[in-house]
Amino acid sequence: MEKSAEGPTKKKVVAVVGGGLVGALNACYFAKRGFEVELFETREDIRQAKIVKGRSINLALSHRGREALKHVGMEEKITSQGIPMHARMIHSPSGKQSTIPYGKKGQYILSVDRANLNKQLLTEAETYPNTNLNFGHKLQDWSAETGLMTFVRSDGSEDQIQADLIVGCDGAFSAIRKQFTRRSRFNYSQTYIPHGYMELTMPPINGEFAMKPNYLHIWPRNTFMMIALPNLDKTFTCTLFMPFDDFEKITTGDEVVEFFQKYFSDTIPLIGLDALKRDYFRLPGLPMVSIKCSPYHIGDKCVLMGDAAHAVVPFYGQGMNAGFEDCIVFDEVMDQFNEDFSAVLPEYTRVRVPDDHAIADLAMYNYIEMRAHVNSTWFLFRKHVDNF
Ligand code: FAD
């Protein structure tokens, strides 16, 4: 396919690279403005795939994310399939449970299914006649000067497209961002935390949730912790966050059980002994990275959004939410500068970098707060509506 900005179309071509959560939402934003949107995604269409590989099974959607969804008419569709979590449910080592609300009465965050959210956003993007979704397209190279991009298709063949604007939504290990790192005065930092994460499933009991569903359950254990978010199929996804060294110390099924008996004994009958012994070894602990960079743009040609611009550790529950907010902020700047990319892109960097960096810092801070301070009296006086 050869597509050029100088074709019969009047509107400019915007290439969104990455069809994950932020890329799919962004495609809707640009399409709504009437641009010719070409979305490119490495993976095959997840709506047709039997198994969708990726990170966490579910996510907490909060105010930021909802506002961004509302703008393209998607809020109700998504929230109607989410499970409200009004408070944290803290599980003490002895099995005692106590609640800490997220905010005022009636305020809550929502547990949503990642794959379903991604699928719905792709389907929404496709409803715009000026949007084209290209799956099985992996960005290999691109030019900041000309906007020419080269993709490798699943069958190994190449595809080239020239766009007026390239929007890098290709996640924490962004291929778009690689070009940025070759340029002068580009700031970049990447930090892997010593903890990894592992997901375990808590099945329903007699067709019902095994624990109270409208809570984000937390087992804070100082140097490590487990959390659990409810799913629509009445399961909970439990996520164990623990230093890699500790994950690696546990090498047999009996050691898993011993560990859980010591720290998370109330969950053993709920997850099930056999499942626990088996599922702990299904996958190793997975890494978590925090990435900060600046600027987010090159000239009037390219801009980074979502994890490509700011991957954050998940302890503030704001990675996707902040990525969704990127779309709304960009959209506002587009209004302000009459869609003139040469003015919009630097202004977007100017207004967005400090806020995204603040979220990255807060997430790092909550990394300690959730597993340790959440037990303290001091924590009870704090009011976080928007975080874990
Ligand atoms: P991604 O979701 O990574 O999507 C990037 C897309 O780009 C992918 O589809 C990928 O296949 C594609 N791609 C990559 N390279 C290329 C290429 N070269 N060419 C074409 N396509 C490419 N956030 C929250 O807000 N709330 C939560 O509760 C929450 N919980 C989390 C729990 C865990 C354990 C983790 C790890 C993260 C959590 N997050 C949460 C963060 C959230 O997952 C991310 O912020 C979010 O997925 C970012 O979306 P994205 O679209 O920017 O990137």
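Q: Any chance you could explain the environment of Asn 132 here in plain terms?
A: Examined against the element boundaries, Asn 132 turns out to sit in strand β8 (residues 131-134). Given a relative accessible area of 32%, Asn 132 falls into the partly exposed group. Beyond its immediate stretch of four places on either side in the chain, Asn 132 contacts Val 37, Glu 38 and Leu 39. Within the structure, the side chain of Asn 132 is placed 3.1 Å from the side chain of Glu 38, a separation counted as a polar contact.

Q: How should the sheet that holds strand β7 (residues 109-113) be read in this particular structure?
A: In a beta sheet, neighbouring strands pair by backbone hydrogen bonds and run either parallel or antiparallel. Taken together, the 3 strands give an open sheet; going across it, the order is β3-β7-β4, and neighbouring strands pair in antiparallel fashion. Looking at which strands have only one partner, the edges of the open sheet turn out to be β3 (58-61) and β4 (83-85). Adjacent strand axes in the sheet meet at a mean angle of 35° when their direction is disregarded. Here β3 runs beside β7; their pairing, made up of 4 bridges, is antiparallel. Bridging from a neighbouring strand, Leu 59 pairs with Val 112 of β7.

Q: What am I meant to see in the packing of aromatic side chains here?
A: When we look at a pair of aromatic rings, we describe it by the centre distance and by the angle of the planes. All chains considered together, the criterion is met by 22 aromatic pairs. With a centroid separation of 5.2 Å and an interplanar angle of 55°, the aromatic rings of Phe 259 and Tyr 263 are classed as tilted. With Phe 259 and Tyr 263 both in helix α7 (residues 253-263) and 4 residues apart, this pair spans about one turn of that helix. We classify Tyr 263 as partly exposed; its relative accessible area is 25%. Taking 5.1 Å as the distance between ring centres and 70° as the angle between the ring planes, the aromatic pair formed by Tyr 280 and Phe 281 counts as edge-to-face. Accessibility expressed as a relative area gives 37% for Phe 281, which makes it partly exposed. Clustering of aromatic rings is evident, with ring pairs tying together Phe 30, Phe 35, Tyr 296, Phe 330, Phe 341 and Tyr 348. One cation-aromatic arrangement involves Lys 11 over Phe 35; the distance from NZ or CZ to the ring centre is 4.6 Å.

Q: Explain the side chain of His 91 to me, please; I cannot follow it from the model alone.
A: Positionally, His 91 belongs in strand β5 (residues 87-91). What makes His 91 buried here is its relative accessible area of 1%. If we skip the residues at most four places from it in the chain, His 91 touches Lys 96, Gln 97, Met 211, His 217, Ile 218, Trp 219, Pro 220, Arg 221 and Asp 266.

Q: Looking at this structure, I do not really get the site of the ligand. What am I missing?
A: Taken together, 31 residues are adjacent to the ligand, and Glu 41, Ala 60, Arg 114, Leu 139 and Asp 307 come closest. Within the backbone of Gly 319, a nitrogen or oxygen atom sits 3.3 Å from an oxygen atom of the ligand. One of the side-chain nitrogen or oxygen atoms of Asn 321 is found 3.0 Å away from an oxygen atom of the ligand. Compared with its free state, where it exposes 1000 Å², the ligand has 89% of that area covered by protein. Elements supplying a minimum of two residues to the shell around the ligand: α1 (21-32), β3, β9 (137-142) and α11 (319-336). Classifying every residue of the shell around the ligand by side-chain character gives 13 nonpolar, 11 polar and 7 charged.

Q: Please explain the sheet that holds strand β13 (residues 187-202) as it appears in this structure.
A: The 7 strands are arranged β6-β5-β14-β15-β16-β13-β17 in an open sheet whose pairing can be described as mixed. Each having just a single partner strand, β6 (97-101) and β17 (286-294) make up the two edges of the open sheet. Geometrically, the sheet is characterised by an average inter-axis angle of 30° between neighbouring strands, direction not taken into account. As paired strands, β5 and strand β14 (residues 215-220) are joined by 4 bridges and run parallel to one another. Opposite Ala 87, over in β14, you have Tyr 215 as the bridge partner. Here helix α12 (residues 341-371) sits on the sheet and contacts β13, β14, β15 (225-230) and β17; the angle it forms with β17, its principal contact strand, is near 150°.

Q: Please clarify how α12 should be interpreted in this entry.
A: Structural remark: α-helix, 3.6 residues per turn; residues separated by three or four positions point the same way. Taking 1.5 Å of rise per residue, the 31 residues of α12 would be expected to cover 45 Å, and the 43 Å separating its terminal C-alpha atoms lies within 8% of that figure. At Arg 352, α12 shows its largest kink, close to 35°, and the proline Pro 354 lies no more than four residues downstream.

Conventions we followed
Residues numbered from 1 in each chain as written. Predicted model: local features only at pLDDT ≥ 70, side-chain atom pairs only at ≥ 80, totals over all residues. Heavy atoms only, no water. Helix = DSSP H or I, 4+ residues; strand = E, 2+ residues; numbered from the N terminus. Buried < 20%, exposed > 50% of the residue type's maximum accessible area, 1.4 Å probe, protein only. Contact = heavy atoms within 4.5 Å. Polar contact = N/O pair within 3.5 Å; in protein donor to acceptor, adjacent residues only side chain to side chain. Pairing = 2+ DSSP bridges. Axes fitted to C-alpha atoms, helices over the stretch in contact; angles between N-to-C directions. Phe/Tyr/Trp six-rings, centres within 6.5 Å; stacked < 30°, edge-to-face > 60°. Lys NZ or Arg CZ within 6 Å of the ring centre and 35° of its normal. Near = heavy atom within 4 Å. Areas by Shrake-Rupley, 256 points an atom, 1.4 Å probe, with all protein chains shown as cover. Nonpolar A, V, L, I, M, F, W, Y, C, P; charged D, E, K, R; others polar. Expected span 1.5 Å × (residues − 1). Bend = angle between axes of the 7 residues up to and from the residue.

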